[in-house]
Amino acid sequence: KTRVASLIVYLTRETLTRPWCCGEITTAYRHGTVKVFRIETESYRPPSDDELDRLHDNVDFTCCSLVQYGMTTEVMQDALRWVVGSDV
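Quantities reported herein were computed from a predicted structural model and do not represent experimental measurements. (Residues numbered from 1 in each chain as written. Predicted model: local features only at pLDDT ≥ 70, side-chain atom pairs only at ≥ 80, totals over all residues. Heavy atoms only, no water.)

## Quick look at the layout of surface pockets
For the second largest pocket, the calculated volume is near 230 Å³. R13, L16, T17, P47 and E51 are, among the 16 residues lining the second largest pocket, the residues nearest its centre. Sorting the residues of the lining of the second largest pocket by element identifies α2 (49-53) and α3 (55-58) as the ones contributing at least two each. Grouping the constituent residues of the lining of the second largest pocket by class yields seven nonpolar, five polar and four charged. (1 Å grid on protein atoms, 1.4 Å probe; cavity = no way out; pocket = protein on both sides within 12 Å on 5 of 7 lines; lining within 4 Å. Points joined across faces, edges and corners; volume = space filled by probe spheres on them. Helix = DSSP H or I, 4+ residues; strand = E, 2+ residues; numbered from the N terminus. Nonpolar A, V, L, I, M, F, W, Y, C, P; charged D, E, K, R; others polar.)

Structure representation (structure tokens):
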């Protein structure tokens, strides 16, 4: 459950390679009521479908496990596709 009303996603070259950033985006996606604002920096490059398909190769999950919060790879992939592909 979240009490967050808004999430600002500050997209840099590395934002979507950080597990906790992926987790915050996934939480907003799953709840569907969080207003998301996306800021793209000059270094940001949207991930390719292949990079999203290989999420565990591109995000270092050795420091934490988001599965304990119900975040499967598939849900995170959907959430990242949502945040990079839509006008949130």
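Next, the rest of the story.
## Considering the pattern of salt bridges
Applying the stated criterion to the full structure yields eight salt bridges. Where E14 meets R18, a salt bridge forms, and the shortest distance between an N and an O atom there is 2.5 Å. You can call E14 partly exposed: its relative accessible area is 32%. Its relative accessible area of 41% is what places R18 among the partly exposed residues. Residue R54 pairs with D50 through a salt bridge whose shortest N-O separation is 3.0 Å. For R54, a relative accessible area of 35% corresponds to the partly exposed category. When its relative accessible area of 44% is taken as the criterion, D50 is described as partly exposed. (Salt bridge = Lys/Arg side-chain N within 4 Å of Asp/Glu carboxyl O. Buried < 20%, exposed > 50% of the residue type's maximum accessible area, 1.4 Å probe, protein only.)

The analysis is restricted to geometry; functional conclusions fall outside its scope.
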